[in-house]
Amino acid sequence: MTERAYLDWNASALLRPQARAAVLEALDCVGNPSSVHAEGRKVRQLIERARGQIAALVAADAANVTFTCGATEANALALSPGWARKPGQTAPDRLLVSAVEHPSVLAGGGFGRDRVATIPVDRQGVVDLDALRTLLAGQPALVSVMLANNETGIIQPVSEVAQIVHEAGGQLHVDAVQAPGRIAIDFNALDADLLTLSSHKIGGPKGAGALVRKDGLHLANPLIRGGGQERGLRAGTEDVAAIAGFGAAAAAILDAKSTETDHVGRLRERLESGLLAATPNAIIFGASAGRLPNTTSFTHPGLRAETAVIGFDLAGVAVSSGSACSSGKVQPSHVLGAMGVDPLLARGAIRVSIGYSTKDEDIERFLSAWTKLSESLLKGRTVIAA
Ligand code: PMP
């Protein structure tokens, strides 16, 4: 058996060998991508190759890809008031966000608190389309609904959301950070106006992200202004190595086609059936909703996530409680709260997420750790009816 089982891929994925090679190649190149000399042109080429690879991953146009330092920044750029179809056209002045968004979207970008409203989700974690229609009331708004949730893996009906938003004259931003390699993404079929991606969630290095936009969509006042890089949408000398690695990771996903999806799906099935066989009262959140094939969010009546995560860690298994961004703070997950999960149950939520290089033995290590942990952690605890 391997030393440890890393089962926290939604927090950060393992660096792909192709990404590592691209990072090293870029690190050895001198030159500023904005310089006109040969050295500058060489690193510019690395950025443009990556731009093409990111565009191909989501079947978008490379000219509409803007690199940022990560998905948090891409989300902040997407949620800037002022995105318009044509220069001078009035842009939506209010923002609607689903209740299960990542904190970087819930923060509301450049919109004032009083200009942001929340779209509720149902008990399966899926956005309530009627509530969305009511909130829009035929008036344009910028709407942000993620493609798949980082904590539960639950997939949103994005193209239906897009239709509703567009009928009201609004625009749709989609945080698709958790989707690549797990489900196919077609930017045009989703009919999103803006779409966010992150390098380290797909096997690229940390420190790069991208915002993909629909043709013609234009922002008068970008977040970071200065040297005019990234077609004026994101000033600052590009992190060429991170961007090159991001692009190589995207290309590797496309090369693998659907094999990664099948691989993680088979392992997740093994994990969930083993979990329920060991502890039949375990609850898998969103089990009957469409979910990413690599994510399991579960609990057991009486379980405390903080203690369980430490127990797993000591047993050589890396999992997380709720989302990694909020771990360290003992707060029930806002995602499970929005789904109406009892706060006592939500306190015990554990997220297990797997990836392209996860092995059967990693799942076995998890299951044997859970069998032992559940015996000790649940002993003597009042079991609440599930
Ligand atoms: N959106 C989602 C859905 C995420 O899971 C994350 C990372 N936890 C982010 C945005 C932020 O990504 P980054 O780490 O690249 O800033």
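Small disclaimer: the values here were computed from a predicted structure and weren't measured.

A.B. asks: What is the right way to read the sheet that holds strand β7 (residues 171–175) from this model?
C.D. replies: As a general point, the strands of a sheet are linked pairwise by backbone hydrogen bonds and lie either parallel or antiparallel. Pairing within the open sheet is mixed, and its seven strands lie in the order β2-β9-β8-β7-β6-β4-β5. Looking at strand neighbours, the two that pair on one side only are β2 (65–68) and β5 (116–119), the edges of this open sheet. Taking the axes of each pair of neighbouring strands and ignoring which way they run, one obtains an average angle of 20° across the sheet. Both β7 and strand β8 (residues 194–198) contribute to a ladder of three bridges, which runs parallel. Residue pairing across strands places H173 opposite L194, the latter belonging to β8. Along the sheet, helix α2 (residues 38–57) makes contact with β2, β8 and β9 (209–213), crossing β2 at roughly 115°.

A.B. asks: Can you walk me through the domain arrangement of the protein chain in this structure?
C.D. replies: By convention, interface size is frequently given as the accessible area that disappears when the constituent parts associate. What the domain assignment reports for the protein chain is domain 1 (5–13 + 258–377) and domain 2 (17–256). Taken together, the contact between domain 1 and domain 2 spans 33 residues of the former and 32 residues of the latter. Summed over both partners, the interface of domain 1 with domain 2 buries about 2,600 Å², with 52% contributed by carbon and sulfur atoms. When the buried surface of domain 1 facing domain 2 is broken down by residue, L292, H334 and M339 rank first, second and third, together holding 23% of it.

A.B. asks: It is not clear to me how the site of the ligand should be interpreted in this structure. Could you clarify?
C.D. replies: Among the 15 residues in the neighbourhood of the ligand, the closest are listed as T72, D175, S198, H200 and K201. The contact in question runs from a nitrogen atom of the ligand to an N or O atom on the side chain of H102, over 3.3 Å. Within the contact set of the ligand, a nitrogen atom lies 2.8 Å away from a side-chain nitrogen or oxygen of K201. At three residues, helix α3 (residues 71–78) tops the list of elements feeding residues into the shell around the ligand.

A.B. asks: Got a minute to help me understand the nonpolar core in this structure?
C.D. replies: In summary, soluble globular proteins display a tendency toward joint burial of nonpolar side chains. Grouped together as the largest cluster of nonpolar side chains are 69 residues, with contacts concentrated most on V143 and L195. Looking at this core element by element, the count peaks at ten residues for helix α8 (residues 240–256). Residues from two domains meet in this core; each of domain 1 (5–13 + 258–377) and domain 2 (17–256) gives at least three. Once residues lying within four places of it in the same chain are set aside, the contact partners of L195 are V58, H173, V174, A176, I185, F187, L190, A210, L211 and V212. With 27 residues, the next largest nonpolar core counts L275, A282, A308 and V319 among its residues.

Conventions adopted
Residues numbered from 1 in each chain as written. Predicted model: local features only at pLDDT ≥ 70, side-chain atom pairs only at ≥ 80, totals over all residues. Heavy atoms only, no water. Pairing = 2+ DSSP bridges. Helix = DSSP H or I, 4+ residues; strand = E, 2+ residues; numbered from the N terminus. Axes fitted to C-alpha atoms, helices over the stretch in contact; angles between N-to-C directions. Contact = heavy atoms within 4.5 Å. Domains from an automatic or database assignment. Buried area = accessible area lost by both parts, 1.4 Å probe. Near = heavy atom within 4 Å. Polar contact = N/O pair within 3.5 Å; in protein donor to acceptor, adjacent residues only side chain to side chain. Core = buried A, V, L, I, M, F, W, Y, C linked by side-chain atoms within 4.5 Å. Buried < 20%, exposed > 50% of the residue type's maximum accessible area, 1.4 Å probe, protein only.

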